[in-house]
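Topology and contacts: notes
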Amino acid sequence: GESVGLHLPTLSVQEGDNSIINCAYSNSASDYFIWYKQESGKGPQFIIDIRSNMDKRQGQRVTVLLNKTVKHLSLQIAATQPGDSAVYFCAESRGSGTYKYIFGTGTRLKVLA
Amino acid sequence: EAGVAQSPRYKIIEKRQSVAFWCNPISGHATLYWYQQILGQGPKLLIQFQNNGVVDDSQLPKDRFSAERLKGVDSTLKIQPAKLEDSAVYLCASSLDRGNEQFFGPGTRLTVL
């Protein structure tokens, strides 16, 4: 069935290195994608979003890349810090008018000192 | 600006009992969402309100779950009777309008014994 999923459940990176978290989606009708960060005991927090008419979007230390050909989304975090340790979710929104978010399973990012 | 408020933060009940969760969205936000997040999974939308009307409740188990947003501000989600598989974190989110960024509350962790 249609789904949003992540390739790696856990990613460990050294402090200061760059992190790349991947996400695959299956519905070519999805036109809006969002990355959320969820720390333990808290609700998801918006990080960055991208619309399907874009391939790349940059924020502060974060970059989202969208490859519509292979239905792939990635989140790059530059100079990973201990505070980046959390679970990261991608979500997709399908079609105009619905605005319904479908979340993936999530990837846990562990930053090693 | 105050965020989305939820109460209680934790609840433990026995199966077949009833439980209710409360959410106070960000002031002025017309759209309110209830999500269920089972451990190790991404949030799943249960119901979406636009002001005091239901926009989407396609994934709400209506035989046991109910939700209301009578005055278009606060909302309650009720489960009656609870089952073991209802153990999860229940997240409330709000957005200025449909299609705008969703802000999440801290969630209510429900344990059904």
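Provided above is the structure to which this section pertains.
This text gives an overview of the structure that appears in the document. Everything numeric in this text was worked out from a predicted model, so none of it was measured. (Residues numbered from 1 in each chain as written. Chains lettered and ligands numbered in written order. Predicted model: local features only at pLDDT ≥ 70, side-chain atom pairs only at ≥ 80, totals over all residues. Heavy atoms only, no water.)

1. A look at the overall build of chain B
For chain B, the count of helices and strands is zero helices and 11 strands. Starting at the N terminus, the α and β elements of chain B follow one another as β-β-β-β-β-β-β-β-β-β-β. Rg of the C-alpha trace for chain B: 13 Å, near the compact-globule value of 13 Å for 113 residues, within the 12% margin. Across its three principal directions, the C-alpha atoms of chain B cover 35 × 25 × 25 Å. In chain B, buried positions account for 44% of the 113 residues. Once local pairs closer than 6 in sequence are excluded, the contacts in chain B between residues at least 24 apart make up 54%. (Helix = DSSP H or I, 4+ residues; strand = E, 2+ residues; numbered from the N terminus. Rg over C-alpha atoms; globule rule 2.2 N^0.38 Å. Buried < 20%, exposed > 50% of the residue type's maximum accessible area, 1.4 Å probe, protein only. Contact = heavy atoms within 4.5 Å.)

2. Observations concerning the overall build of chain A
Secondary structure assignment for chain A yields zero helices and 11 strands. Taken from the N to the C terminus, the helices and strands of chain A come in the order β-β-β-β-β-β-β-β-β-β-β. Residue burial in chain A is summarised as follows: out of 113 residues, 43% are buried. Look at the contacts in chain A between residues 6 or more apart in sequence, and 53% of them connect residues 24 or more apart.

3. Overview of the environment of A:N53
The residue A:N53 is located in the loop between β5 (45-51) and β6 (56-58) in this model. Sequence-wise, A:N53 and A:K68 are 15 residues apart; in three dimensions their C-alpha atoms are separated by 9.4 Å.

4. What to know about the packing of aromatic side chains
Taken as a whole and judged by the stated rule, the model has 13 aromatic pairs over all chains. The interplanar angle of 45° and the centroid separation of 4.6 Å between the aromatic rings of A:Y25 and A:F33 together place this pair among those described as tilted. Here A:F103 and B:Y35 contribute two aromatic rings whose centre-to-centre distance is 5.7 Å and whose plane-to-plane angle is 90°, an arrangement assigned as edge-to-face. With A:F103 in strand β10 (residues 101-103) and B:Y35 in strand β4 (residues 31-37), this residue pair bridges two chains. The pair A:F103 / B:Y35 is uniform in exposure class, with both members buried. The structure contains a cluster of three or more aromatic residues connected by ring pairs, namely A:Y32, A:Y36, A:F46, A:F89, A:Y101, A:F103, B:Y33, B:Y35 and B:F104. (Phe/Tyr/Trp six-rings, centres within 6.5 Å; stacked < 30°, edge-to-face > 60°.)

5. With respect to the pairing of strand β3 (residues 19-24) of chain B
All names here are of chain B. Alternating positions in β3 separate cleanly, V19, F21 and C23 being buried on one face and A20, W22 and N24 remaining unburied on the opposite face. Strand direction decides the pairing type here: β3 and strand β8 (residues 75-79), joined by five bridges, are antiparallel. Within β8, the residue paired with V19 across the bridge is I79. (Pairing = 2+ DSSP bridges.)

6. Section: the pairing of β4(B)
All names here are of chain B. The buried count for β4 comes to seven of seven residues, which makes it a mostly enclosed element. Residues T31, Y33, Y35 and Q37 point to one face of β4 and L32, W34 and Q36 to the other, with burial holding for every one of them. For β4 and strand β5 (residues 44-50), the ladder comprises six bridges, and the chain directions are antiparallel. The residue of β5 that forms the bridge with L32 is F49. Between β4 and β5, which pair antiparallel in sequence order, lie six residues; one of them, G40, sits at a positive phi of approximately 85°. Here β4 runs beside strand β9 (residues 88-95); their pairing, made up of seven bridges, is antiparallel. Of the residues in β9, the one forming a bridge with Y35 is L91.

Remember, this is a structural readout, not a statement about activity or role.
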